[in-house]
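Letter by letter, the chains look like this.
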Amino acid sequence: MRVSIIIPTYDRLGELRKVVASVRDQQLPRGTDLEIVVVDDGSSDGTQDWLASQNDGSLLRIVRQPNSGPAKARNRGVEEASGEIVLFLGDDTEPEPGWLMAHLEEHRLFGGERRLAVLGYTTFPHEIESPFLRFINEFGSQFGYLLIEDPRSVGFNFFYTSNISLPRDEIVRLGGFREDFPAAAWEDIEFSYRAVKDGLTIRYQPRARTVHHHCIRPRTFC
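Let me begin by describing the structure that accompanies this report. Keep in mind the model is a prediction, meaning the values are calculated, not measured.

**Side note on the overall build of the protein**
Here is step 1: A count of helices and strands for the protein gives 8 helices and 8 strands.
Here is step 2: Computed over its C-alpha atoms, the radius of gyration of the protein comes to 16 Å, within 12% of the 17 Å expected for a compact globule of 222 residues.
Here is step 3: With the C-alpha coordinates of the protein rotated into their principal frame, the extents come out at 45 × 45 × 35 Å.
Here is step 4: Across the 222 residues that make up the protein, the buried fraction comes to 50%.
Here is step 5: In the protein, 77% of the contacts between residues at least 6 apart in sequence involve partners at least 24 apart.
Here is step 6: Summed over all atoms, the accessible surface of the protein reaches about 10800 Å², with 50% contributed by carbon and sulfur.
Here is step 7: Each charge class in the protein can be summarised by its mean position, and for the 26 positive and 33 negative side chains these summaries are 2 Å apart.

Take a look at the structure:
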């Protein structure tokens, strides 16, 4: 199997370094090939130069485009990807050890002839945890993991592209993400609405964990 990890990024070089390093450290199942597709969505913070310095011809593929928003960046990543399974990460969601294995094991066990997406769990770093962050992460204001009633069949509104995987062919067949969504909001849920209506199943696997390196405070969140 070949697997593509797609990371759209815009002006988050500090966080992106952690994400790419953690992906490179992931353990792979035997017989699995990995590529990391980073789509630089017009960054101006040195991201392009850093990516060029990391491109050693092995895992990393670099795509650059004018700033066009996350939907178009993800679609471009899918277009460039060669994997049967694609995993979407945010440029500030750092995978923990075992993240990739947990995703791929779900596909191995429950994919088969089914059209399957696997949702992982994203949380905030321990050092910045607070009741506010726990609330928006677990109860639907940003994510809603504690609202998931059946992890074997998750509703379309839990399709979070900070940590999710599915067959590349599914995205292509459904036309990808709508590019008239200019910001990082609801474009992933809109895609999921179409996909689930068309027969996609979403399973939740909380062992596929990422850490969200993003400082959010009540005033800025509102």
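**Digging into helix α1 (residues 13-24)**
Three or four residues apart is the spacing at which side chains of an α-helix point the same way, because the helix has 3.6 residues per turn.
Here is step 1: Compared with an ideal rise of 1.5 Å per residue, which puts 12 residues at 16 Å, α1 spans 16 Å between its outermost C-alpha atoms and is within 8% of the ideal.
Here is step 2: By the burial criterion, the buried members of α1 are Leu13, Leu16, Val19, Val20, Ser22 and Val23.
Here is step 3: Buried residues along α1 sit against β1 (2-9), β2 (33-41), α2 (47-54), β4 (85-89) and β5 (93-95).

**Concerning unusual backbone geometry**
Here is step 1: The phi angle at Asp11 is positive, at roughly 55°, despite the residue not being glycine.
Here is step 2: One can find Asp11 in the loop between β1 and α1.

**Points about the pattern of salt bridges**
Here is step 1: In this structure the tally under the stated criterion is 18 salt bridges.
Here is step 2: Here Asp40 ties to Arg64 by a salt bridge, and the two come within 2.4 Å at their closest N and O atoms. On the criterion of sequence distance, the pair formed by Asp40 in strand β2 and Arg64 in strand β3 (residues 60-65) is long-range, its members being 24 residues apart.
Here is step 3: With relative accessibility at 0%, the residue Asp40 sits in the buried group.
Here is step 4: The exposure class assigned to Arg64 is partly exposed, which follows from its relative accessible area of 35%.
Here is step 5: Arg152 is paired through a salt bridge with Asp150; the nearest N and O atoms lie 3.0 Å apart.
Here is step 6: Look at Arg152 and you get exposed, because its relative accessible area is 53%.
Here is step 7: Among the charged side chains, a network of salt bridges with common partners joins Arg2, Glu35, Arg61, Arg76 and Glu80.

**Some points on the packing of aromatic side chains**
Here is step 1: As enumerated under the stated definition, the model contains 12 aromatic pairs in all.
Here is step 2: Put simply, the rings of Tyr121, Phe143, Tyr145, Phe158, Tyr160 and Tyr204 touch in pairs and so form one group of aromatic residues.
Here is step 3: The ring of Phe177 has Arg74 sitting right over it, with the charged end atom 5.2 Å from the ring centre.

**Points about the side chain of Glu138**
Here is step 1: Take Glu138: it is sitting in helix α5 (residues 131-138).
Here is step 2: In this view, Glu138 contacts Tyr121, Phe143, Gly144, Tyr145, Leu146 and Leu147; residues no more than four positions away in its chain are not counted.

**Comments concerning a nonpolar patch on the surface**
Here is step 1: On the surface, a cluster of nonpolar side chains totalling about 380 Å² of accessible area is made up of Phe135, Phe139, Leu146 and Leu147.
Here is step 2: The class for Leu146 is partly exposed, based on a relative accessible area of 48%.

**A look at the sheet that holds strand β7 (residues 163-167)**
Here is step 1: Overall, mixed pairing links the 8 strands, which are arranged β3-β2-β1-β4-β7-β6-β8-β5 in an open sheet. Pairing within the sheet leaves two strands with one partner each, and these edge strands are β3 and β5. Averaged over neighbouring strand pairs, the angle between their axes works out to 30° when direction is ignored.
Here is step 2: As paired elements, β1 and β4 share 4 bridges and run parallel to each other. Bridge pairing in β4 links Ser4 to Val86.
Here is step 3: Sheet strands in contact with α1 are β1, β2, β3, β4 and β5, and its direction is about 20° off that of β5.

Rules and cut-offs
Residues numbered from 1 in each chain as written. Predicted model: local features only at pLDDT ≥ 70, side-chain atom pairs only at ≥ 80, totals over all residues. Heavy atoms only, no water. Helix = DSSP H or I, 4+ residues; strand = E, 2+ residues; numbered from the N terminus. Rg over C-alpha atoms; globule rule 2.2 N^0.38 Å. Buried < 20%, exposed > 50% of the residue type's maximum accessible area, 1.4 Å probe, protein only. Contact = heavy atoms within 4.5 Å. Areas by Shrake-Rupley, 256 points an atom, 1.4 Å probe, with all protein chains shown as cover. Lys, Arg positive; Asp, Glu negative; His and termini not counted. Charge placed at Lys NZ, Arg CZ, Asp CG, Glu CD. Expected span 1.5 Å × (residues − 1). Salt bridge = Lys/Arg side-chain N within 4 Å of Asp/Glu carboxyl O. Phe/Tyr/Trp six-rings, centres within 6.5 Å; stacked < 30°, edge-to-face > 60°. Lys NZ or Arg CZ within 6 Å of the ring centre and 35° of its normal. Patch = residues over 30% accessible without salt bridge, like charges linked within 9 Å, V, L, I, M, F, W, Y side chains within 5 Å. Pairing = 2+ DSSP bridges. Axes fitted to C-alpha atoms, helices over the stretch in contact; angles between N-to-C directions.

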